[in-house]
Amino acid sequence: MSWKKINKEALGNGIAGCLLVVAFFGSLTQIRRTAQEVFDPTKKTISIAHWQLELGYRDALDKVCREYEKLHPDVKIRQVAVSEKFYGQVVNTHLVSGTAPDLIEMGFSTMVQMDQYLARYFEPMSGHIQYPNPYNNGTELEGVRWQDTFIDGMQSWYREALQEYYGIPSSAFTVRVFYNKDMFQKIVGHDRPPKTFGEFMNICEKIETSAKQEKTTLVPIAGSLYNSRIFFERYLNAFGSRYEPALDFGYDGGITGYRMYLGLRQGKLKWDDPTNKAAFELLHELSQHFQPGFMAVGREQAAFLFVQEQAAMITSGSWDAESLFRQARFKVGIFDFPMPAKDEKYGQYVRGRQSEAGTGTGGGFGLYRLSKQKEVALDFLKFFSSKRINQQFNQDITWIPVVVGTQPKENLKVFAPDPVGYASSFTWVWGSHSDEVYMGGLTQYLQNEISFDQFGKTILDALNDKTYGWYKAATLDYESMRNTVTMQEQLLGIVLSDHLFPKAIGNFDQKYREVLIRQTKMAQAQEEYRDRLQKGLSTTLEVK
Amino acid sequence: MGAVPGDYREQLKKGWEHVQLYEFERAIPIFKKLQREFPEGSEEWIQMTFATAVCYEHQTPPSKETVQESRRLFWLLAEKYPRHACAARALLNVARIDELRNYYLDRIDLESARKLYQKVTATYPGTLEASEAVLRLAQSYTNTFNKPDVETGVKILEDWLRDHPKDPLAGIMSLLLGDVYFYPLAEYDKCVKAYMRADELKSLEPGKEGYTYWRIARVAQDKLKNKDIAVKYYTKIIMDTPTFAKGYQSQLALKELGAPVPELQWGSIGGRKRTTTAPAGEVRK
């Protein structure tokens, strides 16, 4: 063995050893720094977990945290940002092990979705939200109950079976169409958004013609399974609400799966109704302007097409606005889904746009019930949802704020929920089986693989299938109602026994009345459902 | 009976905390252990017995054994300590257990439940339990959706409300009457009156008032041809339930009825106050 070789080996090992030592001490320093941050005995540390990895979110939240820390120098706030892919697992594990973050964004986790776990791990908010938020002092919201400072009165955060509020919202979301203004100017000759569906289609055709002439791969609309569903839902609702007078036999403004199916069986609704046919023809025409194979494309790929100027338009929610604004190297415009005008094709079959009055609030954070810094975490939530901070935070991330009197960023005003429109519609889906068949059939229909009639036969067969179709859907609906009634019965038992003995809950009269009202309503609805099915479909549900 | 543990109050508190968190299975051993420490009939013993019964009643998954044990304990309290504050509730709970299907293949005993509801009303007049027993008794008939039974249930409620107009549960009873008159009875005039009474007594489903307003307005317009009521409730939808998405359709209905059309109030409890003028007949946007 030569000296040269030995030296080379020694040098290599030496470098590796040095790197190892550097890495070791680096890690040690990092661990120490983190430990100091997390376990700093001079500070009350709280952590806030979320899955929002969109551009700007963490910076905006960080800004809020630092502002709070300035007001409360004894507090340290730490963000725990986890990809939505793993968020549920991380939250579930930490909740069960008792090491959960103090504030947890509500979503993706079964512990958040299922009532029994929610009650176990999260702080009920009723007792807190009935008092004013002190961080609103000096504004028109001073003295207003915290709950009433949100645009929806926190209705989106009410869990019916538990009769409680869990979580405090931060933002609201609606959907619109984003477009490349520069491209519109160049190809269409102006950068105004289309006002009607006819104009919309004309623009799409101009873009396609231009792409052919220029021999580019440009498409009018970037599509994906995720994005196209937003389009489809909006347009189907515009037609579907025409069926409300015939199918809303409950006179409560909705067309549920079983009302759709009853209507179908009673002949009030037919697959080949001109209205239904027109609705799907519109979707078919629209989807010819997406890139080929769009149903197999993911959300990110569609967004990529748009920002890379391979597509002139894309539909998405206000949650994507900031990312698209930041990534696009062109002027981004936004418009609402244009409806067919009366004198245009489809016009006579359309009732109108979908109302957004029911737009709820989202992006909420729940308070971990076993948090060691519950008071601090609760106080931070108040700060976070105060008028000034809610506006600042949402403007920073280009989302829609949810507190009374707040304003979104100027370029997001077009996303503000519009209450004008119709609220009821239906889909040809009742239960998971028909849902799967419907989506499969829709994909084939839109890709010209099957005809409208074949699509209809597929979906009607799925609905009529007694084993997997309507009967299973009906049974599951009924079971779901029964579970709710059972949980309400449990809650009633808890409230009443508390009133008799420990008297820890408080506000008994109101609580008892509310539980009893909901329980009475739900029990009635459950049995009405069964009776209507029995009479309408000549069937008896098997009840376990 | 053992010596009363010094920390029993702490344990008791813990037990009730479990109850509040729906952790009935964790509360049972605590209550049962404490129950053994106190003499039968003492205030503490009664509390532990009641608490154990509540836990057995609501424990999940339910089983024949737990539900029957719950019924036995409630029955024991109701029979042996009828003057205690929990006796009426215990008796009502026994009736409830008999009425409901609590576990797989549970046998519903409506006759027993109804007798017990009547017993609660007769034995404890003037109590909340007596009122609730009337509501439950009526429900035990109306929920069958069999017309003669439904009519019996309706009569129970109507008679009670006539004799006890200020009953604390009058609003909830009116709400149930409204539902039943709507379906299956299809007596729309009575349906609307009952709902309006429930509304006056602030007994509509909290946060979901809009649904009942819509039903009242639609029934008044379509079935009763009562313009005044329809206008009143379409207007209430716009003014009082801005996040119920029927505001715009209410505007259209008011316009059709030739009534004044208020602006949509969406956002009025929130920022971005958005007022929309009455539609000029153009329903698409």
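Residues numbered from 1 in each chain as written. Chains lettered and ligands numbered in written order. Predicted model: local features only at pLDDT ≥ 70, side-chain atom pairs only at ≥ 80, totals over all residues. Heavy atoms only, no water.

S.K.: Lay out the pattern of salt bridges with the relevant residues and their values.
M.R.: In this structure the tally under the stated criterion is 59 salt bridges over all chains. The salt bridge involving lysine 374 of chain A is made with glutamate 123 of chain A; its shortest N-O contact spans 2.8 Å. Residue lysine 374 of chain A is found in helix H15 (residues 374–384), and its partner glutamate 123 of chain A is found in the loop between helix H5 (115–121) and helix H6 (126–129); the two are separated by 251 residues along the sequence. Accessibility expressed as a relative area gives 25% for lysine 374 of chain A, which makes it partly exposed. Among the residues examined, glutamate 123 of chain A registers a relative accessible area of 12% and is labelled buried. Across the salt bridge formed by arginine 218 of chain B and aspartate 248 of chain A, the nearest N and O atoms sit 3.9 Å from each other. (Salt bridge = Lys/Arg side-chain N within 4 Å of Asp/Glu carboxyl O. Helix = DSSP H or I, 4+ residues; strand = E, 2+ residues; numbered from the N terminus. Buried < 20%, exposed > 50% of the residue type's maximum accessible area, 1.4 Å probe, protein only.)

S.K.: Give me the packing of helix H20 (residues 508–537) of chain A against helix H7 (residues 128–142) of chain B: which residues, what numbers.
M.R.: Viewed as axis vectors pointing N to C, H20 of chain A and H7 of chain B meet at an angle of 10°, and their least axial separation amounts to 11 Å. When the interaxial angle is binned, H20 of chain A and H7 of chain B end up roughly parallel. Contacts from Phe508, Tyr512, Leu516, Gln519, Thr520, Ala523 and Gln524 of chain A of H20 of chain A reach H7 of chain B at Leu128, Glu132, Leu135, Arg136, Gln139 and Thr142 of chain B. Among the residues making up the contact of H20 of chain A with H7 of chain B, the classes are represented as six nonpolar, five polar and two charged. (Axes fitted to C-alpha atoms, helices over the stretch in contact; angles between N-to-C directions. Parallel < 35°, antiparallel > 145°, perpendicular 65-115°, else oblique. Contact = heavy atoms within 4.5 Å. Nonpolar A, V, L, I, M, F, W, Y, C, P; charged D, E, K, R; others polar.)

S.K.: Residues and numbers for the packing of helix H8 (residues 147–163) of chain B against helix H9 (residues 170–182) of chain B, please.
M.R.: Residues and elements named next belong to chain B. It is the contact of H8 with H9, at a shortest axis distance of 10 Å, that shows an interaxial angle of 150°. Crossing hand, H8 versus H9: left-handed. Packed against H8, whose contacting residues are Val150, Val154, Leu157, Glu158, Trp160 and Leu161, the element H9 presents Ala170, Met173, Ser174, Leu176, Leu177, Val180 and Tyr181 at the interface. (Left-handed = near helix turned anticlockwise from the far one by under 90°.)

S.K.: Quick one: what's the story with the environment of glutamate 489 of chain A, residue by residue and with numbers?
M.R.: With respect to the helices, strands and loops of the structure, glutamate 489 of chain A is situated in helix H19 (residues 470–500). Put simply, glutamate 489 of chain A and lysine 85 of chain A are 404 residues apart on the chain and 36 Å apart in space, counted from C-alpha to C-alpha. Once residues within four sequence positions are removed from consideration, glutamate 489 of chain A is found in contact with Gln519 of chain A together with His58, Arg96 and Leu100 of chain B. Only 2.4 Å separates the side chain of glutamate 489 of chain A from the side chain of glutamine 519 of chain A, close enough to count as a polar contact. (Polar contact = N/O pair within 3.5 Å; in protein donor to acceptor, adjacent residues only side chain to side chain.)

S.K.: I'd like to hear about the interface of chain B and chain A, residue by residue, with values.
M.R.: Opposite the 77 residues of chain B that make contact, chain A presents 85 residues. Carbon and sulfur atoms supply 58% of the area that chain B and chain A bury against each other, a total of about 6900 Å² over both sides. If you look at where chain B meets chain A, you find eight salt bridges. A salt bridge links glutamate 489 of chain A to arginine 96 of chain B, with the nearest nitrogen and oxygen atoms 2.7 Å apart. Linking chain B to chain A there are 21 residue pairs in polar contact (both at pLDDT 80 or more). Those elements that place two or more of their residues in the side of chain B that touches chain A are helix H1 (8–20), helix H2 (24–37), helix H3 (43–58), helix H5 (87–99), H7, H9, helix H11 (209–223) and helix H13 (247–256) of chain B. Broken down by element, the residue count for the side of chain B that touches chain A peaks at eight residues, all from H11 of chain B. Looking at the side of chain B that touches chain A, its residues break down into 39 nonpolar, 16 polar and 22 charged. (Buried area = accessible area lost by both parts, 1.4 Å probe.)

S.K.: Account for the environment of serine 434 of chain A, with residues named and values stated.
M.R.: Residue and element names in this part refer to chain A. Its location among the elements puts serine 434 in helix H17 (residues 432–446). The exposure class assigned to serine 434 is buried, which follows from its relative accessible area of 0%. Sequence separation between serine 434 and aspartate 461 is 27 residues; the distance between their C-alpha atoms is 8.8 Å. With near-sequence residues (within four places) excluded, serine 434 lies in contact with Trp428, Val429, Ile459, Ala462 and Leu463. Looking at serine 434, its side chain comes within polar contact range of the main-chain nitrogen of tryptophan 430, at 2.8 Å.

S.K.: Can you break down the sheet that holds strand E3 (residues 103–105) of chain A residue by residue, with the values?
M.R.: Residue and element names in this part refer to chain A. Pairing in this open sheet of four strands is mixed, and the strands run E2-E1-E3-E12 from one edge to the other. Single-partner strands in this sheet number two, and they are strand E2 (75–81) and strand E12 (365–367). For this sheet, the mean inter-axis angle between neighbouring strands, taken without regard to orientation, is 20°. As judged from the two bridges shared by strand E1 (residues 44–50) and E3, these two strands associate in the parallel manner. Residue pairing in the sheet places alanine 49 in a bridge with isoleucine 104 of E3. Against the sheet, helix H2 (residues 57–71) touches E1, E2 and E12, its axis set at about 165° to E2. Where helix H3 (residues 84–97) meets the sheet, it contacts E1 and E3, and its direction lies at approximately 150° from that of E3. (Pairing = 2+ DSSP bridges.)

S.K.: Tell me about the nonpolar core, residues and numbers included.
M.R.: The biggest cluster of nonpolar side chains holds 185 residues, and the ones touching the most others in it are Leu95, Phe122, Phe178 and Phe380 of chain A together with Phe31, Phe50 and Tyr234 of chain B. Setting aside anything within four residues of it in sequence, one finds tyrosine 234 of chain B in contact with Trp214, Ala217, Arg218, Gln221, Ser250, Ala253, Leu254 and Leu257 of chain B. Listed in part, the 74 residues of the second largest apolar core include Tyr243, Leu286, Phe290 and Leu533 of chain A. (Core = buried A, V, L, I, M, F, W, Y, C linked by side-chain atoms within 4.5 Å.)

S.K.: Quick rundown of the sheet that holds strand E13 (residues 400–401) of chain A? Include the residues and the values.
M.R.: All names here are of chain A. Read from one edge of the open sheet, three strands run E11-E6-E13, paired in antiparallel fashion. Edge positions in the sheet fall to strand E11 (361–362) and E13, since each of these pairs with one other strand and no more. Note that strand E6 (residues 171–172) and E13 share two bridges and pair antiparallel. Across the sheet, residue alanine 172 finds its bridge partner in E13, namely isoleucine 400.

S.K.: Which residues make up the pairing of strand E7 (residues 175–180) of chain A, and what values do they have?
M.R.: Residue and element names in this part refer to chain A. Among the six residues that make up E7, six are buried, leaving the element largely enclosed by the rest of the structure. Here E7 pairs with strand E9 (residues 311–317) via five bridges, running antiparallel. When the sheet's bridge partners are listed, valine 175 is paired in E9 with glycine 317. In this sheet, strand E10 (residues 332–335) lies alongside E7 in antiparallel orientation, the contact comprising four bridges.

S.K.: Describe the domain arrangement of chain A, and please don't skip the residues or the numbers.
M.R.: Residues and elements named next belong to chain A. When its domains are assigned, chain A resolves into domain 1 (39–172 + 360–415), domain 2 (175–349) and domain 3 (462–535). Measuring from the centre of the C-alpha atoms in domain 1 to the corresponding centre in domain 2 gives 33 Å. Summing both sides of the interface, domain 1 and domain 2 together bury roughly 1100 Å²; the carbon and sulfur share of this comes to 58%. Contact with domain 2 buries area across many residues of domain 1, yet Leu55, Val414 and Phe415 alone supply 51% of it, more than any other trio. Where lysine 409 meets glutamate 322, a salt bridge forms, and the shortest distance between an N and an O atom there is 3.9 Å. (Domains from an automatic or database assignment.)

S.K.: I'd like a description of helix H10 (residues 188–200) of chain B, backed by residues and values.
M.R.: Helix length check: H10 of chain B, at 13 residues, gives a terminal C-alpha distance of 18 Å against a target of 18 Å (1.5 Å per residue), a fit within 8%. For H10 of chain B, the set of buried residues is Cys191, Val192, Ala194, Tyr195, Met196, Ala198 and Asp199 of chain B. On the buried face of H10 of chain B, the contacting elements are H20 of chain A together with H9, H11 and helix H12 (227–240) of chain B. One or two residues past the end of H10 of chain B sits lysine 202 of chain B, with phi positive at roughly 50°. (Expected span 1.5 Å × (residues − 1).)

S.K.: Break down the side chain of arginine 234 of chain A for me, citing the residues and quoting the values.
M.R.: Residues and elements named next belong to chain A. As for its placement among the helices and strands, arginine 234 is situated in helix H9 (residues 225–240). With relative accessibility at 9%, the residue arginine 234 sits in the buried group. Non-local contacts of arginine 234, meaning those with residues more than four positions away in its chain, are made with Val175, Arg176, Asp336, Phe337, Arg353, Gln354 and Glu356.

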